Every structure is written in structure tokens, then in C-alpha cells.
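Inside the fold
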Amino acid sequence: MKFGIVINEGPYTHQSSDSALQFVKAALGKGHEIFRIFFYHDGVNNGTDLGVPPQDDRNLAKEWSELAEKHGLDLVVCIAAAQRRGMLDADEMKRHGKNASNLSKGFRISGLGQLIEAGIQADRLVTFGD
Amino acid sequence: METAEGVVKKFCYMNRKAPYGTIYALESLEVVLIAAAFDQDISLVFADDGVYQLTKDQDTDGIGMKNFSKTYSALGDYDINKIYVEKESLEERGLSVDDLQALTYEDEDDDWAEKNSLFVVGREELTALIDEQDVVLSF
Amino acid sequence: MTMLHTVNKSPFERNTLESCLRLAKKGSAVLLFEDGVIGAMQNTKFSEKVSQAMSDLSFYVLGPDIKARGLSEKKVIDGIKVVDYNDFVDLTAEHNAVQSWL
């Protein structure tokens with residue numbers, strides 16, 4: 001079965017990213033396909049490459065990046081939500097004349113249409129939020 | 001349902017939070033405006049504190065935030081004309097439909113006649129409506 | 001097929017469990033996870049309401065979230081099934097859509 005995942009909250013403050021990570025690992029373990037993981041609202045902050053959590057804590061951005069690389073996951077950060085909150089990839093950095101970008105490896109920035117498409121294409125859309 | 005090209009799914013946008021205190025109402029609206037381009041069967045539901053999103057006379061001058069409430073009245077232009085408000089949520093908050101914006105659309109199948117697109121529905125009707133959805137997005 | 005409803009907040013903090021019970025159609029399933037597991041415990045002021053709802057809805061609670069909060073699976077309201085993440089995935093697949101009460 002094809003799953004779409006929506007994550008609406010950032011890492012650490014809320015459990016939503018952790019819950020989604022456990023859910024996605026379980027789904028992959030059962031042989032399901034993850035069509036896309038869409039990060040919206042403060043969820044876009046899961047894609048920052050600049051977080052430096054303590055060494056004895058989990059590094060959620062890194063875990064998502066590694067899981068994406070291993071399983072070819074499509075991690076999409078909403079562009080409108082990301083721009084408000086200061087999440088930029090290299091292209092967006094140039095376009096807006098900023099001097100830094102902060103999107104982790106394995107994430108890409110795209111539009112809200114990607115969320116709607118996930119709703120259409122996936123058999124189930126599961127939302128994790130506050 | 002087969003997820004082939006051209007499939008039309010029932011999408012429900014569930015709004016349960018008041019505007020301005022958090023960004024969910026505004027960013028829900030942003031999703032809905034994009035979703036309108038995808039030719040899916042869209043319903044908007046306003047329940048619990050979500051009913052406050054539709055109040056008329058919103059004035060945000062004093063809080064330094066953009067008043068996005070006018071956008072709801074433009075939804076009809078995007079062919080979004082199934083907007084449901086839970087009756088019990090209104091009543092519990094001492095509100096009536098008169099406290100909400102009038103939302104309408106022009107029906108292209110009826111010589112562009114202006115028609116109501118906001119429906120106050122009771123709990124049972126709303127329960128049935130939610131249950132028949134293919135995709136529920138909660139904000 | 002019926003819908004799976006998820007609730008991730010304590011009924012002491014939010015009204016999502018209440019709204020879910022109000023608007024979930026008879027025959028649907030409800031999964032309590034994250035802080036939502038608090039709604040699955042015995043002897044709270046919400047236990048009776050959840051027990052009553054069990055005549056119309058089937059309830060599940062995520063075990064790892066119970067353990068993380070120092071609660072005991074033995075103190076879960078009778079009739080609520082304790083599940084793990086694999087079961088969460090299965091429940092999602094077995095129902096025709098998921099409504100997350102946020």
C-alpha cells in the first residue's frame with residue numbers, strides 16, 4: 001500500500017516528527033511504499049541542517065536524511081511555510097539574496113500542490129501534528 | 001479507490017482552531033486555494049473553535065497581523081462551494097449564522113445565479129459527511 | 001470500510017478526544033497515541049466517557065507511548081487494545097481513511 005505522510009510540527013517541541021519516523025520505519029518494514037513525506041506549518045523546521053542536538057539525543061534531521069537515502073524517500077518541505085520560517089535551499093538563497101541556506105540532504109523544497117498530489121496518489125494520508 | 005490519473009477523491013479540510021492565535025487557519029486556507037486547481041471534490045468543515053475563522057467584522061489593525069478573513073468570501077470564485085459549519089459548535093459558543101460571513105458562489109450550470117455555499121449542519125449530518133471522505137486534512 | 005481516527009492529546013489539555021467521540025461514526029476505530037494515551041487510562045475523569053463510547057467505537061492505544069510516560073498497560077481501560085507501531089500501520093491500511101484530530 002502507498003502511504004503519504006504529513007508532518008505539521010517542528011522537531012523536539014512536539015512528538016509529531018518522532019511519531020512519524022516510527023510509523024514510517026514500521027510501514028517500510030512491512031513492505032509498504034511511502035509515496036511522499038510532506039512537511040508543513042512548523043514541520044518545515046525538520047529540514048534544517050543547522051540543528052546541533054546534544055550527543056546523547058536523537059538527531060531528527062539526520063535520521064530523516066538517512067532514512068530518505070536508504071529507502072529513496074521523497075521529503076518535501078512546503079515552500080510557502082519554509083520561506084516564512086527561514087528554511088532555504090541553495091536556489092532559494094540566491095533568489096532571495098540571502099547569504100546562507102539550511103536545507104538538509106535528502107529534503108527538497110516545493111509547493112503545496114505536492115501535498116494535494118500526495119492525497120490523490122497515496123492510498124492513505126496520515127497526518128502527524130500538534 | 002484506484003489512484004489512476006483523473007481520479008477524483010473527496011477531500012475534507014477540517015478546521016478546528018480560531019484564527020490569529022496560531023497560524024493553522026491561515027495556512028489551511030493557503031492549502032485550500034492551491035487544492036482548488038486539482039479538480040478534486042472539496043469540502044471545508046468548521047467545527048469547535050474553527051467556527052471563529054468565519055466571523056464577519058474581523059479587524060486585525062490592533063494586533064499587527066494581516067486580516068485574511070476576506071479570502072473566505074473569494075472561495076466561491078475557486079469553485080469551492082461546500083462549506084460546512086457545525087451547528088452545535090456555534091451554539092456552544094453563543095454564536096449563530098448571523099455572526100458569520102455570508103459565503104456564496106455563482107453557479108455556472110444555472111446561468112451564474114448566486115447561491116449560498118455556507119451550510120450549518122448538525123452533528124449527525126457532519127458525522128456522516130466526514131465518514132464518506134477519502135482524505136481528511138486537519139488544521 | 002470505516003475510518004481510523006487518531007487522537008494525540010490528553011483530554012485534560014485539549015478537546016480533541018471529545019470532538020473525536022462526538023463526530024466519529026459508529027463502527028469507526030480510534031487510536032490514542034502520544035499524550036492521547038492518557039485518555040485510555042482507568043480511573044480518570046474521562047474513563048467513563050471512553051468506556052461508554054466503546055459500544056459504538058473500537059479503541060486502540062499505542063503501547064510505546066504508555067510505557068514512555070511511566071504508565072502501565074495493566075491500567076488501560078478494559079476493552080482498549082494495546083498496539084505497537086506495526087499495528088498502527090495495519091490499522092491505517094485496514095481503514096479507508098485516517099482522520100487525525102489535531
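Higher on the page you've got the structure.
Structure report, in brief. Just so you know, these numbers come straight off a predicted model, no measurement behind them.

**As for the interface of chain A and chain B**
Listed per partner, the contact involves 23 residues of chain A and 23 residues of chain B. Summing the contributions of chain A and of chain B, the shared interface buries around 1,700 Å²; its carbon and sulfur component is 57%. For the pair chain A and chain B, the number of links is 3 salt bridges. Glu30(B) is the partner of Arg84(A) in a salt bridge, and the nearest nitrogen-oxygen pair spans 2.6 Å. The interface formed by chain A and chain B includes 9 residue pairs in polar contact (both at pLDDT 80 or more). Elements with a contribution of two residues or more to the side of chain A that touches chain B: strand 1 (2-7), helix 3 (79-85), helix 5 (113-121) and strand 5 (124-128) of chain A.

**Concerning the side chain of Ser69(B)**
All names here are of chain B. Here Ser69 is to be found in the loop between strand 2 (41-46) and helix 2 (70-74). Assessed through its relative accessible area of 3%, Ser69 is described here as buried. Looking at Ser69, its side chain comes within polar contact range of the side chain of Asn67, at 2.7 Å. Once residues lying within four places of it in the same chain are set aside, the contact partners of Ser69 are Tyr20, Gln58 and Gln101.

**Brief notes about helix 5 of chain A**
Among the 9 residues that make up helix 5 of chain A, 8 are buried, leaving the element largely enclosed by the rest of the structure. Among all positions of helix 5 of chain A, only Gly113(A), Gln114(A), Leu115(A), Ile116(A), Ala118(A), Gly119(A), Ile120(A) and Gln121(A) are buried.

**Some remarks on the sheet that holds strand 3 (residues 75-78) of chain A**
Residue and element names in this part refer to chain A. Taken in spatial order, the 5 strands line up as 4-3-2-1-5 in an open sheet, and their pairing is parallel. The open sheet has two free edges, formed respectively by strand 4 (107-110) and strand 5, since each of these has just one partner strand. Strand after strand, the sheet turns through a mean of 25 degrees between neighbouring axes, direction not considered. Summarising the sheet, strand 1 and strand 5 pair through 5 bridges and their orientation is parallel. The residue of strand 5 that forms the bridge with Ile5 is Val126. Strands in contact with helix 5 are strand 1, strand 2 (33-39), strand 3, strand 4 and strand 5; relative to strand 2, the strand with the most contacts, it is inclined by about 150 degrees.

**Quick notes on the sheet that holds strand 4 (residues 81-83) of chain C**
Residue and element names in this part refer to chain C. Read from one edge of the open sheet, 5 strands run 4-3-2-1-5, paired in parallel fashion. Of all strands in the sheet, those bounded by a partner on one side alone are strand 4 and strand 5 (97-101). For this sheet, the mean angle separating the axes of adjacent strands, direction not counted, is 25 degrees.

**A word on the layout of surface pockets**
Residue and element names in this part refer to chain A. When its volume is computed, the largest pocket comes out at roughly 190 Å³. In terms of lining residues, the largest pocket is bounded by 17 residues, among which Thr48, Gly51, Asn59, Ala61 and Lys62 are the most central. Here the lining of the largest pocket is composed, by residue class, of 7 nonpolar, 7 polar and 3 charged.

**Remarks on the pattern of salt bridges**
Overall, the coordinates contain 35 salt bridges over all chains when judged by the stated rule. Residue Glu117(A) is joined to Arg36(A) by a salt bridge in which the shortest nitrogen-to-oxygen separation is 2.8 Å. Highlighted residues: Glu117(A) in helix 5 and Arg36(A) in strand 2, separated in sequence by 81 residues. Since its relative accessible area comes to 6%, Arg36(A) is described here as buried. One salt bridge in this structure joins Glu92(B) and Arg123(B), with 3.4 Å as the shortest N-O distance. Taken together, the residues span a long stretch of sequence, with Glu92(B) in helix 3 (residues 87-92) and Arg123(B) in helix 4 (residues 123-131) at a distance of 31 residues. The partly exposed category is assigned to Arg123(B), whose relative accessible area is 25%. Overlapping salt bridges, with partners in common, bring together Arg16(B), Asp48(B), Asp49(B), Glu86(B), Glu92(B), Arg93(B), Arg123(B) and Arg22(C) in one network.

**Let's talk about the side chain of Asp18(A)**
All names here are of chain A. Take Asp18: it is sitting in helix 1 (residues 16-29). Note on Asp18: relative accessible area 15%, which makes it buried. Here Asp18 is in contact with Arg58 and Leu60, once residues within four sequence places are set aside.

**Description of the interface of chain B and chain C**
In this complex, chain B contributes 16 residues to the contact, which on the side of chain C involves 16 residues. Per-residue buried area on chain B facing chain C is highest for Arg16(B), Thr127(B) and Asp131(B); these three make up 38% of the total on that side. Across the contact surface, chain B and chain C share 3 salt bridges. At the boundary of chain B with chain C, the tally comes to 8 residue pairs in polar contact (both at pLDDT 80 or more). Contributing elements (two or more residues each) for the side of chain B that touches chain C: helix 4 and strand 7 (135-138) of chain B. Considering each element in turn, the side of chain B that touches chain C owes the most residues, 5 residues, to helix 4 of chain B. Broken down by class, the residue content of the side of chain B that touches chain C amounts to 5 nonpolar, 4 polar and 7 charged.

Definitions and cut-offs
Residues numbered from 1 in each chain as written. Chains lettered and ligands numbered in written order. Predicted model: local features only at pLDDT ≥ 70, side-chain atom pairs only at ≥ 80, totals over all residues. Heavy atoms only, no water. Contact = heavy atoms within 4.5 Å. Buried area = accessible area lost by both parts, 1.4 Å probe. Salt bridge = Lys/Arg side-chain N within 4 Å of Asp/Glu carboxyl O. Polar contact = N/O pair within 3.5 Å; in protein donor to acceptor, adjacent residues only side chain to side chain. Helix = DSSP H or I, 4+ residues; strand = E, 2+ residues; numbered from the N terminus. Buried < 20%, exposed > 50% of the residue type's maximum accessible area, 1.4 Å probe, protein only. Pairing = 2+ DSSP bridges. Axes fitted to C-alpha atoms, helices over the stretch in contact; angles between N-to-C directions. 1 Å grid on protein atoms, 1.4 Å probe; cavity = no way out; pocket = protein on both sides within 12 Å on 5 of 7 lines; lining within 4 Å. Points joined across faces, edges and corners; volume = space filled by probe spheres on them. Nonpolar A, V, L, I, M, F, W, Y, C, P; charged D, E, K, R; others polar.

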